[in-house]
Amino acid sequence: MDHLFYIATLMSVWIIFSLGANLVIGYTGLMAMGQAAYLGVGAYTAAVLNIFFHVPFPIAALAAMAVSALVAVATLLPLQRLEGFYFALGTLGLNFLFFDLFHNLAPRVEGSEGLYGLELPAFATGARNLFLSVLAVTIVSALACWRLDASPYGRALRATRDRPDALRSIGKEPRMFQISVWAVGGALAGLAGALYGATLFYIDPTLFTLNTSIAILVFIGVGGLASLAGSVLGPVLLIGFTEGLRYVGLPSTLTGPLQSGLYGLLLIVLMLFRRQGLVGKHDFRE
Amino acid sequence: MIQTLIIGLGLAGYYALVAVGFALIFATLRIFHVAHGTVFITAGYVFWYMHRIHGISLAISATAAIAAAAALGLAIDRFLYLPIMRRGGGMFSVFIASLGIVLVFDAIYLVLTSGVIAVARTTSMELWTVGGAAIRKFDLGIMGLVALTYFLLYLWLHRTRTGLEVRGLTDNEQLAAAVGMNVDQTRNAIFLVASAMAGLAGVLTAYDGGITSDSGNRTLFIAVVAVILGGVRNILLGSITGSLALGIITAYAGFFYPEWVTFCIFAIMIILILFRPKGLFG
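All figures in this text were calculated on a predicted structure; none of them were measured in a lab. (Residues numbered from 1 in each chain as written. Chains lettered and ligands numbered in written order. Predicted model: local features only at pLDDT ≥ 70, side-chain atom pairs only at ≥ 80, totals over all residues.)

(A) Representation of the overall build of chain A. In terms of helices and strands, chain A carries 11 helices and 2 strands. Mapped from its N terminus to its C terminus, chain A presents α and β elements in the order α-α-α-α-β-α-α-α-α-β-α-α-α. For chain A, whose C-alpha radius of gyration is 18 Å, the value lies close to the compact-globule estimate of 19 Å for 286 residues. Structurally, chain A occupies a C-alpha span of about 55 × 40 × 35 Å along its principal axes. Out of the 286 residues belonging to chain A, those deemed buried represent 52%. (Helix = DSSP H or I, 4+ residues; strand = E, 2+ residues; numbered from the N terminus. Rg over C-alpha atoms; globule rule 2.2 N^0.38 Å. Buried ≥ 20, exposed ≤ 12 C-beta atoms within 10 Å, placed from the backbone.)

Spelled out as structure tokens, the structure:
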């Protein structure tokens, strides 16, 4: 039973991450290939504050959101001058830079490659309580994104993607929307990172490689770009499937490669046959 | 110090073989072919499997491995890139699909080799001692081989009809098709030649230091940075100068700060695309 709660918690965390990535990639059309960097910044911020400075976890998670959003904006500004594909390449490079920073500079607990020993508040201790807490955060995040989708701001994001000139003609600057949505995406990645650490009880740099950025692309690609339902559907289906494989008794040495192989196959199938994913309202145009 | 330089030149040889193919494909077809790294390790694994596991002779194993690489590269274009482009997919879609290929093959190789490094060499390397520095004859051999390959490529690009068509594609694809050039056939030739060169690099790497399932990505990204650095206005000159620079940088960085090599490479890449946004096009 605890293991089922663990899987559901994992899905919730990835839904939060997907919501942010979908705002950036799906709604605004920014080809982000390095979102795992901001996930890592959030995870490390929350873990360091909580483990070394004994900041209560909810406050540490809020701080993680703020720090990730700031780091995200700071890294976006220089990259904004790049067009389409080169922007994707730049963010991909950033992912590698952040991985090396985590790997070489991030603090670790003596005798391990990463950090553990989070102190969670009483209401989030135990698999069931943790799941309910994370679920609550996920629901709040999803509601916020739903409101945002229907708001004038949501329309402006889609206009940034499809009709930047129209946006300019009514006196609004697409670049400003790119910056603000990138901050929101960074904050959600930071929140997801903090909760990811709480779910796994352990973080190390290998959680935040390019493969994680690709995984998020697979999640929202399969679920559907620019769609709230897509951000929920992708992680639920794919994590459900790969975790299900463990239940059928697949040895754990095979689940890792099988998962990444499956993601690769899904990317190929998506690009060949259905670039809008299952319920997407937009597709990979470029 | 000289020793590190020679190691850097040897590395530059591998990068140059991978980079020139990548540059050829990118400049002519605007495909960001990350799966070029997969083609590279596939040749390495085929070579390792035939030569090391089954003891088949060096020449036969190497030829088969290079042929396998060429066939794989061609197949990826025929059955993946071309259909995606026919269905209106752009540069980013093709890139994503290419990443898909990388993930699938990496997973297969990881399972088949259990993550153990595959070294195809069965004998030890001969060393030359010149003024206190130990130089491997193998590195000199690589340099010779790269020079020969580049010479043949030069002849192909500048002295044959297909080469002329390839250069025509670099300048203007529509015009090339309009004057009656068979773009599809030229495209096949590009993928075959580029993949064969990556295959040669794969064979040499497997023979030398060995390969793991992630060697392909690593080499590919270094080659990409080399291409961005060198530019593709002149494919051969750009690839070789970029590769020389990257080979020397990675050798020295690897010697002094091994844990920061990747950081260096990607920092260079980001700085280059920021300040030379058209760098890739020369």
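There's plenty left to go through after this.
(B) The overall build of chain B, seen in detail. When helices and strands are counted, chain B shows 11 helices and 2 strands. Along chain B, helices and strands appear, N-terminal first, in the series α-α-α-α-β-β-α-α-α-α-α-α-α. For chain B, the C-alpha atoms occupy an extent of roughly 60 × 45 × 35 Å along the three principal directions. Evaluated residue by residue, chain B yields a buried proportion of 51% over its 282 residues. Restricting to contacts in chain B with at least 6 residues of sequence separation, those with at least 24 account for 76%. (Contact = placed C-beta atoms within 7 Å.)

(C) Region of interest: the environment of A:Leu79. Residues and elements named next belong to chain A. Along the polypeptide, Leu79 turns up in helix α3 (residues 57–79). Residue Leu79 is classed as buried on the basis of its 22 C-beta neighbours within 10 Å. Taking the C-alpha atoms as reference points, Leu79 and Thr91, separated by 12 residues in sequence, lie 7.8 Å from one another. Leave out the neighbours within four places in its chain, and Leu79 touches Phe87, Gly90 and Thr91.

(D) Highlighting helix α2 (residues 36–53) of chain B. Residues and elements named next belong to chain B. Over its 18 residues, α2 runs 25 Å from end to end, which matches the ideal 26 Å to within 8%, given 1.5 Å per residue. Most of α2 sits out of view: 15 of its 18 residues are buried. Backbone geometry just after α2 places Gly55 at a positive phi near 65°. (Expected span 1.5 Å × (residues − 1).)

(E) Fine view of the interface of chain B and chain A. Taken residue by residue, the interface counts 33 residues in chain B and 32 residues in chain A. Mapped by element, the contributors of at least two residues to the side of chain B that touches chain A are α3 (58–86), α4 (91–113) and α11 (261–275) of chain B. With 16 residues, α4(B) is the single largest residue contributor to the side of chain B that touches chain A. Considering only residue class, the side of chain B that touches chain A consists of 26 nonpolar, 5 polar and 2 charged. (Nonpolar A, V, L, I, M, F, W, Y, C, P; charged D, E, K, R; others polar.)

(F) How the structure looks around unusual backbone geometry. Phi at A:Phe201 is positive, roughly 65°, even though this residue is not glycine. Considering the arrangement of structural elements, one finds A:Phe201 in the loop between α8 (174–200) and β2 (202–203).

(G) Region of the structure containing the pairing of strand β2 (residues 133–136) of chain B. All names here are of chain B. Judged from the 4 bridges that link them, strand β1 (residues 127–130) and β2 form a sheet pairing that is antiparallel. Following the sheet pairing, Leu127 is matched in β2 by Arg136. In textbook terms, the turn of a hairpin is the stretch between consecutive antiparallel strands, and for β1 and β2 this stretch comprises 2 residues, one of which, Gly131, has a positive phi near 55°. (Pairing = 2+ DSSP bridges.)

(H) Local environment of the packing of helix α4 (residues 84–105) of chain A against α11(B). Packing of α4(A) against α11(B) leaves a shortest axis separation of 9 Å and a crossing angle of 155°. For the element pair α4(A) / α11(B), the angle class is roughly antiparallel. The crossing of α4(A) and α11(B) is left-handed. When α4(A) is examined against α11(B), the residues A:Tyr86, A:Leu89, A:Gly90, A:Gly93, A:Leu94, A:Phe96, A:Leu97 and A:Asp100 are found in contact with a partner set consisting of B:Thr262, B:Phe263, B:Phe266, B:Ala267, B:Met269, B:Ile270 and B:Ile273. A class-by-class count of the residues in the contact of α4(A) with α11(B) yields 11 nonpolar, 3 polar and 1 charged. (Axes fitted to C-alpha atoms, helices over the stretch in contact; angles between N-to-C directions. Parallel < 35°, antiparallel > 145°, perpendicular 65-115°, else oblique. Left-handed = near helix turned anticlockwise from the far one by under 90°.)

(I) Spatial organisation of the packing of α3(B) against helix α8 (residues 183–208) of chain B. Residues and elements named next belong to chain B. Between α3 and α8, the shortest axis-to-axis distance is 7 Å and the interhelical angle comes to 140°. One finds that α3 runs oblique with respect to α8. The two elements α3 and α8 cross, and the hand of that crossing is right-handed. When α3 is examined against α8, the residues Ala62, Ala65, Ile66, Ala69, Ala70, Leu72, Gly73, Leu74 and Asp77 are found in contact with a partner set consisting of Arg187, Asn188, Phe191, Leu192, Ala194, Ser195, Ala196, Ala198, Gly199, Leu200, Gly202 and Val203. For the contact of α3 with α8, the class distribution of residues is 14 nonpolar, 5 polar and 2 charged.

(J) How the structure looks around the nonpolar core. All names here are of chain B. Counting residues in hydrophobic clusters, the biggest one holds 196 residues, and the most contacted among them are Tyr15, Val18 and Ala43. By residue number, the principal contributor to this core is helix α1 (residues 2–29), which donates 19 residues. When near neighbours in sequence (up to four residues on either side) are disregarded, Ala43 contacts Ala65, Ile66, Ala68, Ala69, Ala198, Gly199, Gly202 and Val203. (Core = buried A, V, L, I, M, F, W, Y, C linked by C-beta atoms within 7 Å.)

(K) How the structure looks around the confidence of the model for chain B. Averaged over every residue, the pLDDT of chain B is 90; the share at 70 or more is 98%. Interface predicted TM-score (ipTM) for the complex: 0.91; the corresponding pTM is 0.91. (pLDDT = per-residue confidence, 0-100.)

(L) Fine view of the environment of B:Thr63. Residue and element names in this part refer to chain B. Within the element layout of this structure, Thr63 appears in helix α3. The exposure class assigned to Thr63 is partly exposed, which follows from the 15 C-beta atoms found within 10 Å. C-alpha of Thr63 to C-alpha of Asn188: the two residues are 125 residues apart in sequence and 19 Å apart in space.

(M) Summary view of helix α10 (residues 235–256) of chain B. Residue and element names in this part refer to chain B. A rise of 1.5 Å per residue sets the reference length of α10, with its 22 residues, at 32 Å; its end C-alpha atoms lie 31 Å apart and thus fit the reference within 8%. Looking at α10, one finds that the buried residues are Ile235, Gly238, Ser239, Ile240, Gly242, Ser243, Leu244, Leu246, Gly247, Ile249, Thr250 and Ala251. If you follow the buried residues of α10, they end up packed against α1, α5 (137–159), α9 (215–230) and α11.

(N) Just the environment of B:Ala35, in detail. All names here are of chain B. Its location among the elements puts Ala35 in the loop between α1 and α2. What makes Ala35 buried here is the crowd of 29 C-beta atoms within 10 Å. Considered as a pair, Ala35 and Glu165 are 130 residues apart in the sequence and their alpha carbons are 24 Å apart. Apart from residues lying up to four places away in sequence, Ala35 is in contact with Ile76, Ser98, Ile101 and Val102.

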